[in-house]
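Summary of the model geometry
Okay, here's what each chain looks like letter by letter:
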There are 2 protein chains.
Amino acid sequence: MTVDAKRVSSPTTSKTQAERTAISDRAMIEAAKDLLLEHGLEKTTLAAIGERAGYSRGLASYRFGTKAGLFDEVCKSISRRWLDYLTERVGRQHGIPAMCTALDSFFSFITEHPRDAQVLQILYGGAASPAAEYRSTSINIHQRQLDDVANWVRAGIGDGSIRSDIDPGSVAAQYIAYISGMTYLWLINPGSVDFGKANDDMKTHLRRSLQKE
Amino acid sequence: MTVDAKRVSSPTTSKTQAERTAISDRAMIEAAKDLLLEHGLEKTTLAAIGERAGYSRGLASYRFGTKAGLFDEVCKSISRRWLDYLTERVGRQHGIPAMCTALDSFFSFITEHPRDAQVLQILYGGAASPAAEYRSTSINIHQRQLDDVANWVRAGIGDGSIRSDIDPGSVAAQYIAYISGMTYLWLINPGSVDFGKANDDMKTHLRRSLQKE
DNA sequence: TAATCACTTGCTTGTTGACAGCAAGTTTGT
DNA sequence: ACAAACTTGCTGTCAACAAGCAAGTGATTA
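This text gives an overview of the structure that appears in the document. (Residues numbered from 1 in each chain as written. Chains lettered and ligands numbered in written order. Predicted model: local features only at pLDDT ≥ 70, side-chain atom pairs only at ≥ 80, totals over all residues. Heavy atoms only, no water.)

**Let's talk about the protein's contact with DNA strand D**
Quick reminder of the rule: When we say a residue is near a molecule or strand, we mean one of its heavy atoms is within 4 Å of it. Polar contact is defined as a pair of N or O atoms within 3.5 Å, subject to the rule that within protein one atom must be able to donate a hydrogen and the other to accept it, and that residues adjacent in sequence are counted only when both atoms are side-chain atoms. Only runs of H or I of at least four residues qualify as helices and only runs of E of at least two qualify as strands under DSSP, and these elements are numbered from the N terminus. For this classification, the nonpolar set comprises Ala, Val, Leu, Ile, Met, Phe, Trp, Tyr, Cys and Pro, the charged set comprises Asp, Glu, Lys and Arg, and every other residue, Gly included, is treated as polar.
In the vicinity of DNA strand D, 23 residues are found, and the nearest of them are A:Ser24, A:Ser56, A:Arg57, A:Arg63 and B:Thr16. The sugar-phosphate portion of DNA strand D accounts for 73% of its atoms within 4 Å of the protein, the bases making up the rest. Contact between DNA strand D and A:Arg57: a base nitrogen at 2.4 Å from a side-chain N or O atom of the residue. For DNA strand D, a phosphate oxygen lies 2.3 Å from a polar atom in the side chain of A:Arg63. Elements represented by at least two residues in the surface near DNA strand D include exactly α1 (17–43) and α3 (59–64) of chain A together with α1 (17–43) of chain B. At four residues, α1(A) tops the list of elements feeding residues into the surface near DNA strand D. Per-class residue counts for the surface near DNA strand D are four nonpolar, 12 polar and seven charged.

**Re the layout of surface pockets**
Filter applied, for reference: For cavity detection a 1 Å grid was placed over the protein atoms alone, and a set of points counts as a cavity when a 1.4 Å probe fits there but cannot get out; an open set counts as a pocket when protein lies on both sides within 12 Å along at least five of seven lines, with lining residues being those that have an atom within 4 Å of a point. Grid points are joined across faces, edges and corners, and a volume is the space filled by probe spheres set on the points.
Roughly 480 Å³ of volume is contained in the largest pocket. Every residue lining the largest pocket is counted, 27 residues in all, and those nearest its centre are A:Leu41, A:Glu42, B:Leu41, B:Glu42 and B:Lys67. With five residues, α1(B) is the largest single contributor of residues to the lining of the largest pocket. In terms of residue class, the lining of the largest pocket is made up of 12 nonpolar, seven polar and eight charged.

**Side note on the protein's contact with DNA strand C**
In the region of DNA strand C, 24 residues are neighbours, and A:Thr16, A:Lys67, B:Ser56, B:Arg57 and B:Arg63 sit closest. Each atom of DNA strand C within 4 Å of the protein was assigned to sugar, phosphate or base; sugar and phosphate come to 68%. Within the side chain of A:Thr16, an N or O atom sits 2.7 Å from a phosphate oxygen of DNA strand C. Contributing elements (two or more residues each) for the surface near DNA strand C: α1 and α2 (46–52) of chain A together with α1 and α3 (59–64) of chain B. In the surface near DNA strand C, the residues fall into five nonpolar, 12 polar and seven charged.

**Comments concerning the nonpolar core**
For clarity, the cut-off: Definition of nonpolar core: a set of buried residues of the types Ala, Val, Leu, Ile, Met, Phe, Trp, Tyr and Cys, connected through side-chain atoms within 4.5 Å. Residue burial is assigned from relative accessible area. The probe radius is 1.4 Å, only protein chains are included, and a residue is buried under 20% of its type maximum, exposed over 50%, and partly exposed in between. We call two residues in contact when some of their heavy atoms are within 4.5 Å.
In terms of nonpolar packing, the biggest core is built from 141 residues, with A:Leu70 and B:Leu70 touching the most fellow members. Residues contacting B:Leu70, with those up to four places away along its chain left out, are B:Ile29, B:Ala32, B:Leu46, B:Ile49, B:Ala60 and B:Phe64.

**Here we look at helix α9 (residues 195–210) of chain A**
Turn by turn, an α-helix covers 3.6 residues, leaving residues three or four places apart pointing in a common direction. Rules: Take the residue count of a helix, subtract one, and multiply by 1.5 Å to get its expected span.
Look at α9(A): 22 Å from first C-alpha to last across 16 residues, which is about the 22 Å you get at 1.5 Å a residue. When α9(A) is considered as a whole, its buried residues turn out to be A:Phe195, A:Gly196, A:Ala198, A:Asn199, A:Asp201, A:Met202, A:Lys203, A:His205, A:Leu206, A:Ser209 and A:Leu210. Those residues of α9(A) hidden inside the fold are in contact with α5 (95–112) and α8 (168–188) of chain A together with α8 (168–188) and α9 (195–210) of chain B.

**Describing helix α4 (residues 67–90) of chain A**
Over its 24 residues, α4(A) runs 34 Å from end to end, which matches the ideal 34 Å to within 8%, given 1.5 Å per residue. Directly beyond the C-terminal end of α4(A), a positive phi value near 55° is found at A:Gly91.

**Describing empty space enclosed by the protein**
Evaluated as defined, the whole model comprises two cavities of 30 Å³ or more. A volume near 730 Å³ is recorded for the largest cavity. Considering only enclosed or pocket space, the second largest cavity measures out at about 40 Å³ in volume. In this structure, the second largest cavity is lined by A:Gln174, A:Tyr178, A:Met202, B:Gln174, B:Tyr178, B:Met202 and B:His205. Put simply, the parts of the chain that give the lining of the second largest cavity at least two residues each are α8 of chain A together with α8 and α9 of chain B. Taken together, the residues that form the lining of the second largest cavity break down as four nonpolar, three polar and no charged.

Next comes the structure, spelled out in structure tokens:
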């Protein structure tokens, strides 16, 4: 008698095991984001994450194994969200329109979800350290973004909208570097850059230097 | 008679107090760079720095106060070296030539001093964390670079070599973001970008989008 | 000029509190 | 009953600090 009433998320008690872990996982990842924003990478402790999430000091350690393991999950969780957000907006576009849409999407993402964007940037910063255990996560995400952009450029060359003497790899590197660098500058000192204006100018620059004729 | 022979750095013994600190300071900063490259920010310990430098486990802590204090010194030391290197090469140039020379200089700097460039990038990464105590050092350096580039652009507009509808602040942000971002990509995965090629393309891109006519 | 003494500075060692990571135990779902 | 989620107890490591030791420095006196 697999009663369905059992599976309906009852307001207080009696969750299924899977629900329990899902809930505590989410709570700890959110707590980790909070604490990362408040105290940064080094001063965020596993005990504090567990307790802020409403559990014991040991749960974060038990669930994610290590501090790096938890940060890796946070990193992947936000990256997934961002890639979905991007994919949804760019759709089947390619060439210069795809690149411009991606710039707009990135700007709206950091405007709508500044918390996630900041946390991701903090984690990417930590990934610059040689022994950082979630370094490969950062590498993979950046590599994927480089590949996507290079493919947009190739498609643009293919349909004749982009000059054929352009090197897709170089443009992709330039483009992703611009986004990474801007996010860093914006994170450490929001007043130092006008992200929106810079993006608009970037779009003009892209058209000027890539567009055929 | 204040004999000079006393001040001549005798090969083994009898250093002046100032000499002693200068020597141990340098040794510890070099040791810190080594260890940062080997183990990253978190896994580099003050004790290991003191010992690798040939002193006791306590000296780094005593001299620099905190781990962040030491990293701040390392950051400033390398930044000074880079800014001198840059200033020497750019000289009194401005406008597009200054921007192109700076790109070349940056590439030759990371080729000639990869160790310093990598360490600096690791430290900048750590500065993304909210409570990082050397965050302001990163902010100041980046702000100065933004200002320098913006001034180059203004000078270029002034002498008529750069289009007058260009926004210097935006271009500066774009330019510094490109350099920061490329360095990050290069650091975490050297194979993913061709820094030299991207720089060459960036120079073409700058001329195409900034140059008058 | 040289010898001694008071003082300063460089450096080391002992100690404390905090944290990551693990293992053994307890509670909750199935 | 069993297993899975979760907690508590514990250990080794580290940053930070404080007390002490040793080497350098400057002034005084003869």
